[in-house]
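Spelled out from the first residue to the last, the chains are:
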Amino acid sequence: LILSHLAPEENIDVCFRVVGIEEPEAHLHPHLQKHLANNIEQINASRDDLQIILTSHSTHITSSLNTDNMVILYKNGADVKKHYITDGFKDDKKGKHHRHYLEKYLDATNSSMFYARRIILVEGIAEQILVPVLFNLTYGRTLDSIGCNVINVNGVAFKHFLEIIKNGYFIKCAVLTDGDEGKRTENRATNLKKDYEKPYRNIKVSINKETFEKEIIEAN
């Protein structure tokens, strides 16, 4: 109802400059949450005299919004800090490539990484299924209980996500990737470790000798 009154009309007496919406997902079905987010994006694109500030814990809403406008608020000790998702992304070909990939990939499942305290990036479905089980068997608790998400990047496109982490996002990030020994891409994993683990303390890259599945079998 509020949004319907924001449409520019000549006969409107009141002109809104700032509109705040707090957690609209509380009473909305996921389909309507996405519908709301799309409406907000349309208004944002069509008007330059209006600022909409929306707070949300809904992955359905956040996955439908422009990543350039998304800010994460988090506590660091006693301080509350902020981090724009695309902080540090340059407006060049490389930066645009990162943005394009993330906007395509961050669906309601994967955008849950923005609500986590820690994330584990993995290559495929085997790791996505087994890593939480192995953690539970080893430590007697779930990854969810420590605010950790396993994110399946469906391949080896780790750099897009690590660019977010290295540019100031506060969470700890682990990467589990295959070594691909003897293949054309065998240097990929070691380069990832060199580029992201050594310079950034909150990133850890763990490399399987060959593949995750073979290591599971060898470990019996």
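The shown structure was predicted, so the numbers you read here are calculated from the model rather than taken from an experiment. (Residues numbered from 1 in each chain as written. Predicted model: local features only at pLDDT ≥ 70, side-chain atom pairs only at ≥ 80, totals over all residues. Heavy atoms only, no water.)

Enquirer: Quick question: what am I supposed to make of the confidence of the model for the protein chain here?
Expert: For residues with low pLDDT, the predicted coordinates do not support detailed interpretation. Confidence in the prediction of the protein chain, expressed as mean pLDDT, is 84, and 89% of residues score 70 or more. For the protein chain, helix H3 (residues 93–105) is the element with the lowest average pLDDT, namely 78, and helix H4 (residues 125–139) is the one with the highest, namely 94. (pLDDT = per-residue confidence, 0-100. Helix = DSSP H or I, 4+ residues; strand = E, 2+ residues; numbered from the N terminus.)

Enquirer: Can you walk me through the environment of Gln-128 in this structure?
Expert: Among the secondary structure elements, Gln-128 is positioned in helix H4. Separated by 23 residues in the primary sequence, Gln-128 and Ile-151 have C-alpha atoms spaced 7.1 Å apart. When residues no more than four places from it in sequence are discounted, the contact partners of Gln-128 are Val-122, Val-150 and Asn-152. (Contact = heavy atoms within 4.5 Å.)

Enquirer: Sorry, what's going on with the layout of surface pockets here?
Expert: Where empty space is left in the structure can be found by rolling a water-sized probe over the atoms. Size it by volume and the largest pocket reaches roughly 930 Å³. If you go around the largest pocket, you meet 26 residues; those closest to its centre are Leu-54, Thr-55, Asn-69, Met-70 and Val-71. Of all the elements in the fold, those that place two or more residues in the lining of the largest pocket are helix H1 (30–46), strand S2 (51–55), helix H2 (59–62) and strand S3 (71–76). For the lining of the largest pocket, the element with the most residues is S2, which contributes five residues. Looking at the lining of the largest pocket residue by residue, the class counts come to 16 nonpolar, eight polar and two charged. What the second largest pocket holds in volume is close to 150 Å³. When residues of the lining of the second largest pocket are traced back to their parent elements, those giving at least two are H4 and strand S6 (148–152). (1 Å grid on protein atoms, 1.4 Å probe; cavity = no way out; pocket = protein on both sides within 12 Å on 5 of 7 lines; lining within 4 Å. Points joined across faces, edges and corners; volume = space filled by probe spheres on them. Nonpolar A, V, L, I, M, F, W, Y, C, P; charged D, E, K, R; others polar.)

Enquirer: Can you walk me through the sheet that holds strand S8 (residues 203–208) in this structure?
Expert: Whenever strands of a sheet pair, they do so through backbone hydrogen bonds, lying parallel or antiparallel. Within the open sheet, the four strands sit side by side as S6-S5-S7-S8. Their pairing is parallel. Each of the sheet's edge strands pairs with one partner strand only, and the pair in question is S6 and S8. Going from strand to strand, the sheet's axes swing by 20 degrees on average, the running direction of each strand aside. (Pairing = 2+ DSSP bridges. Axes fitted to C-alpha atoms, helices over the stretch in contact; angles between N-to-C directions.)

Enquirer: Looking at this structure, how should I read the nonpolar core?
Expert: One recurring pattern in soluble globular proteins is that nonpolar side chains are buried together. Grouped together as the largest cluster of nonpolar side chains are 37 residues, with contacts concentrated most on Phe-114, Ile-119, Leu-121, Phe-161, Leu-162 and Val-175. Top element by residues in this core is helix H5 (residues 158–166). It accounts for five residues. Within the second largest apolar cluster, nine residues are counted, among which are Val-122, Val-131, Val-150 and Leu-176. (Core = buried A, V, L, I, M, F, W, Y, C linked by side-chain atoms within 4.5 Å. Buried < 20%, exposed > 50% of the residue type's maximum accessible area, 1.4 Å probe, protein only.)

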